[in-house]
Amino acid sequence: MKEFILNQILEFYEQTGKSLSKDEILERIEIYFMALELSSYCEEESLRSVLTDTKILIEDIQKMKPDIVSIRLIEPSLRLISYIVDKNYFEKRKFNTATLGVLYSFFEILGDKEKNKKYYDILYSKDEKKSPYLYQDEKHPENILRKNKEILPFVMTYCARNAAMHSQEVPNKIQHLLSMFYTLIEVCYKYKNIIMDKYLKNEKIYKSYVDKIVSDYEEKLRNNFKYIPLNMIAYKNYLYDNIVLECGDEDSIDFEKVNKKFPHVKIIGYAGMGKTTLLENITYNEILEFKKKKFNVKIPVILDMIKVTSSNYKEMTIENLINLKFGVGSIALVKRMIEKNILNIYIDGINEIQIKDKAIKKEYLNTLEEFISRHRGVKIIVTDRDDNSYSVANDEATLILIGVTEKIVKEFVLGNSSKPEIVWDRINNAILKNPNLLNICKNPFMLKNLISIVECNRDIPEDEGEIVGVFLKSIVERERVIKKDEMAEDVLRVLIYLVAKETESEEFVEEDTIVLTSFKIFEIFNEYCDKYKRKDRFDNSKMLDLIVKLGILKEIDLEKYTFVENDYFEFFYTCAIDLGLI
């Protein structure tokens, strides 16, 4: 509906001389629709149907069968806006029955009432019978004010409403109805901040987002996940001494203290060290607080930077990424959320940005840096693997994730296994026989793999490089033997082929993972079956679902997938080289 209204009223913006882009006009329309949605929550019963009546009118215009009498919607719509702007004044002045003239004067729709008094006098003028002038009469307000393009749409709306209520013929009915939308959109924009602030207090716009965060995290908890805080140390930039002095010591920093003291924090960690897991835990706990205390606490949002690619980076501003995550459908609203400082913004995986051209990537990173610098009071956490020129927030309070210390290996295993005591016994015995295994256990990703390997009743590899391979082979074998899924037999081979084909393409970004659409994945699946002359071809959708269910690939956007861990990509990439496919 918003796009339809946009296309219909563009002409008014051109005629009034307002040099606005389509995006700027769409922003105004979005604010108008926010006001409409607020009608559902009005205590004033006469205003609750405004949204429904507006939708019906738009549908009638789309069908080219509108009734000009529907322009009477201008009055309840303006009453609604006045209710949103100042409920007390609305009730005091009894605006629930306010006439159109009163509303036009209240909102000063034709401009300042004193300065533009002559325009208001013309607009409110009537013939000798106290009826609105007919359109063919030269004294009709539209005829007198036709050259005043800036206020003409407002005049058209007022006159058409009066004519329709007096059963007078209105020429060009659709244009007059559209002038009403232009009028309402402009009035709403005048009070945009009030409308957006009221809209932001509507729990409905957060519900699906909040519910998903809680549901996804609690699903992990049910699947033998326990968050274990990992050891961190301070990175040696100019804030190092301050962090060590107030938030711990050289060997161990209290993340909670750093996060409270500094509005901007950067977390550095190698692959699998738990950067995303940390952000997910923070987000989950903050969402629970939000559910309890509502708007007295901030709303956290994790931005997955792997979604930024060479083809979409211009659109992938921080505001757009937040909009995609929340699904509020309004960049204007997101900007207001940031301006009102009601968000905690967690920018996850700078190293995963999929921009191939280094100059363009640097340009994009500069825009991120500028955003961070502009919003000193907004809580922002950035995660990355580096602090080099292809990173951001290098001068912020920075911590390095060291991983699982010897003291908490047991706690980690017991909290993240379906057979805690048995698994810990085997891993502990393996560590006693081979103390070097303890270094592998420092990486939470590797330790999780060890846990899964033991749960699959496989031998624990002594070499770190073998662990990912043994883990992937174990979970696929379990699916084939225990779950009796015949497609599992092809999982590893088809993924080796997929990585080989994609890394050969010109679109491949030389990073440590890939991002593919389901369409591209299916195309490569078909090539695989053709190349190896598979007679019993598998179902592409079912194969992709199986790989996602196994936790090897994950959906990061609508129909876009990547490897859950970069080490998985590295394993298949190495296999492809060994097999001569690359």
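Cut-offs used in this document
Each chain has its residues counted from 1, running along the sequence as written. Reporting of local features is limited, given that this is a predicted model, to residues whose pLDDT is at least 70; pairs of side-chain atoms are given and counted only at 80 or more, and all residues count toward the totals for whole chains, interfaces and linings. Note that the side-chain values use all heavy atoms of the structure and ignore hydrogens as well as water. The numbering of helices and of strands both runs from the N terminus, where a helix is a DSSP run of H or I of at least 4 residues and a strand a run of E of at least 2. Summary of the burial criterion: residues with accessible area below 20% of their type's maximum are buried, those above 50% are exposed, and those between are partly exposed, where the area comes from a 1.4 Å probe applied to protein chains only. Every residue pair with non-hydrogen atoms within 4.5 Å of one another is taken to be in contact. Only the protein chains shown count as covering a residue, and every accessible area follows the Shrake-Rupley method with a 1.4 Å probe. Charge assignment: positive for Lys and Arg, negative for Asp and Glu; neither His nor the chain ends contribute. Taken as the charge centre is NZ of Lys, CZ of Arg, CG of Asp or CD of Glu, depending on the residue. What counts as a salt bridge is simple: a side-chain nitrogen of Lys or Arg found within 4 Å of a carboxyl oxygen of Asp or Glu. Two strands form a pair only when DSSP identifies at least two bridges running between them. Simply put, an axis is a line fit to the C-alpha atoms, just over the touching stretch for a helix, and the angle between two N-to-C directions goes from 0 to 180 degrees. Only the six-membered ring of Trp is used, alongside the rings of Phe and Tyr, when aromatic pairs are assigned; centres must lie within 6.5 Å, and planes under 30 degrees apart are stacked while those over 60 apart are edge-to-face, with the rest tilted. Note on geometry: a ring has a charge over it if NZ (lysine) or CZ (arginine) is within 6 Å of the ring centre and within 35 degrees of the ring normal. Buried Ala, Val, Leu, Ile, Met, Phe, Trp, Tyr and Cys residues form a nonpolar core when they are joined through side-chain atoms within 4.5 Å. Should an angle fall under 35 degrees it is called roughly parallel, over 145 degrees roughly antiparallel, and 65 to 115 degrees roughly perpendicular, with every other angle called oblique. Left-handed describes a crossing whose near helix is turned anticlockwise from the far helix through less than a right angle; right-handed describes the clockwise counterpart. Under this grouping Gly is polar, as are all residues other than the nonpolar Ala, Val, Leu, Ile, Met, Phe, Trp, Tyr, Cys and Pro and the charged Asp, Glu, Lys and Arg. Take the residue count of a helix, subtract one, and multiply by 1.5 Å to get its expected span. The patch calculation keeps residues exceeding 30% relative accessible area without a salt bridge and links them within 9 Å when they carry like charges or within 5 Å when they are nonpolar (Val, Leu, Ile, Met, Phe, Trp, Tyr).

A. Quick peek at the overall build of the protein. Secondary structure assignment for the protein yields 27 helices and eleven strands. In terms of overall dimensions, the protein has C-alpha extents of about 105 × 65 × 45 Å along its principal axes. Looking at the 582 residues of the protein, the share that counts as buried comes to 52%. Looking at the protein alone, contacts between residues at least 24 apart form 67% of all its contacts between residues at least 6 apart. Roughly 28,800 Å² of accessible area belongs to the protein as shown, and the carbon and sulfur atoms make up 48% of that amount. On the protein, the mean spot of the 87 positive side-chain charges and the mean spot of the 97 negative ones are 5 Å from each other.

B. Representation of the pattern of salt bridges within the structure. All told, the structure shown has 26 salt bridges when counted by the stated rule. The closest approach of N and O atoms between Glu43 and Lys87, which form a salt bridge, is 3.0 Å. You can see Glu43 sitting in the loop between helix H2 (22-38) and helix H3 (50-62) and its partner Lys87 sitting in helix H5 (residues 87-92), a full 44 residues away along the chain. Residue Glu43 is classed as exposed on the basis of its relative accessible area, which comes to 56%. Here Lys340 makes a salt bridge to Asp197, at a shortest N to O gap of 3.7 Å. With Lys340 in the loop between helix H17 (331-339) and strand E6 (343-348) and Asp197 in helix H11 (residues 192-200), the pair connects residues that are 143 residues apart, well separated along the chain. In this structure, a network of salt bridges that share partners links the residues Asp197, Arg336, Glu339 and Lys340.

C. Main features of the sheet that holds strand E9 (residues 515-517). With respect to topology, three strands assemble into an open sheet ordered E9-E11-E10, the strand pairing being antiparallel. Across the chains shown, the open sheet's two edge strands, defined by having one partner strand only, are E9 and strand E10 (553-557). Each strand axis lies, on average, 40° off the axis of its neighbour in the sheet, ignoring direction. Across three bridges, E9 lies against strand E11 (residues 560-563) in antiparallel orientation. Directly across from Leu516, in E11, lies its bridge partner Tyr561.

D. Looking closely at the packing of aromatic side chains. Taken as a whole and judged by the stated rule, the model has 33 aromatic pairs. When the ring of Phe563 is compared with that of Phe569, the centres are 6.1 Å apart and the planes differ by 55°; the resulting orientation is tilted. Taken as a pair, Phe563 and Phe569 share a single burial class, namely buried. Aromatic pair Phe569 and Tyr573: ring centres 5.7 Å apart, planes at 20°, arrangement stacked. Of this pair, Phe569 and Tyr573 both sit in helix H27 (residues 566-578), four residues apart, which is roughly one turn of the helix. Look at Phe569 and you get buried, because its relative accessible area is 2%. Of the residues examined, Tyr573 reaches a relative accessible area of 26% and is grouped as partly exposed. These aromatic residues form a ring-pair network of at least three members: Tyr497, Phe522, Phe525, Tyr528, Tyr532 and Phe538. Residue placement shows Arg28 over the ring face of Tyr189; its charged tip is 3.9 Å from the ring centre.

E. Geometry of the nonpolar core. One finds Leu78, Phe181 and Ile345 to be the most contacted residues of the largest nonpolar core, which totals 117 residues. Per-element tally for this core: the top contributor is H2, with ten residues. For Leu78, the residues in contact, after removing those within four places along its chain, are Leu100, Leu103, Tyr104, Phe107, Ile109, Leu184 and Val187.

F. Region of interest: the packing of helix H22 (residues 444-455) against helix H23 (residues 464-481). At a minimum axis separation of 9 Å, H22 and H23 run at an interaxial angle of 50°. Our classification of the angle between H22 and H23 gives oblique. H23 is crossed by H22, and the crossing has left-handed handedness. Where H22 abuts H23, its residues Phe445, Met446, Asn449, Leu450, Ser452 and Ile453 lie against Glu464, Ile467, Val468, Val470, Phe471 and Ser474. Broken down by class, the residue content of the contact of H22 with H23 amounts to eight nonpolar, three polar and one charged.

G. How the structure looks around H27. Between its first and last C-alpha atoms H27 spans 19 Å; for 13 residues at 1.5 Å apiece the expected length is 18 Å, and the two agree. Every buried residue of H27 is accounted for by Asn566, Tyr568, Phe569, Phe571, Phe572, Cys575 and Ala576. Just past H27, the residue Gly580 takes up positive phi, approximately 75°.

H. Inspection of the environment of Ile144 at higher detail. Here Ile144 is to be found in helix H8 (residues 141-144). Every residue in contact with Ile144, bar those within four places of it in the chain, is listed here: Ile122, Glu138 and Lys139.

I. Seen up close, unusual backbone geometry. With a phi close to 55°, Lys94 is a non-glycine residue in the positive phi region. The residue Lys94 is located in the loop between H5 and helix H6 (100-107) in this model. Of note in this structure, Lys130 is not a glycine but carries a positive phi near 65°.

J. Spatial organisation of helix H16 (residues 318-326). Within H16, burial applies to Ile318, Glu319, Leu321, Ile322, Asn323 and Phe326. Looking at the buried side of H16, the elements it contacts are helix H12 (204-222), strand E5 (299-304), H17, E6 and helix H18 (358-374).

K. Just the sheet that holds strand E8 (residues 397-403), in detail. Spatial strand order, E1-E8-E4-E7-E6-E5: six strands in an open sheet with mixed pairing. The open sheet terminates on both sides in strands that have one partner only, identified here as strand E1 (231-234) and E5. The mean angle between the axes of side-by-side strands here comes to 25°, regardless of whether they run parallel or antiparallel. The pairing of E5 with E6 spans six bridges and is parallel. Paired with Pro300 across the strands is Asn344, a residue of E6.

L. Highlighting a negative patch on the surface. A surface patch of negative charge is lined by Asp241, Asp249, Glu250 and Asp251. If you trace the backbone, Asp251 turns up in the loop between strand E2 (248-249) and strand E3 (252-253). When its relative accessible area of 60% is taken as the criterion, Asp251 is described as exposed.

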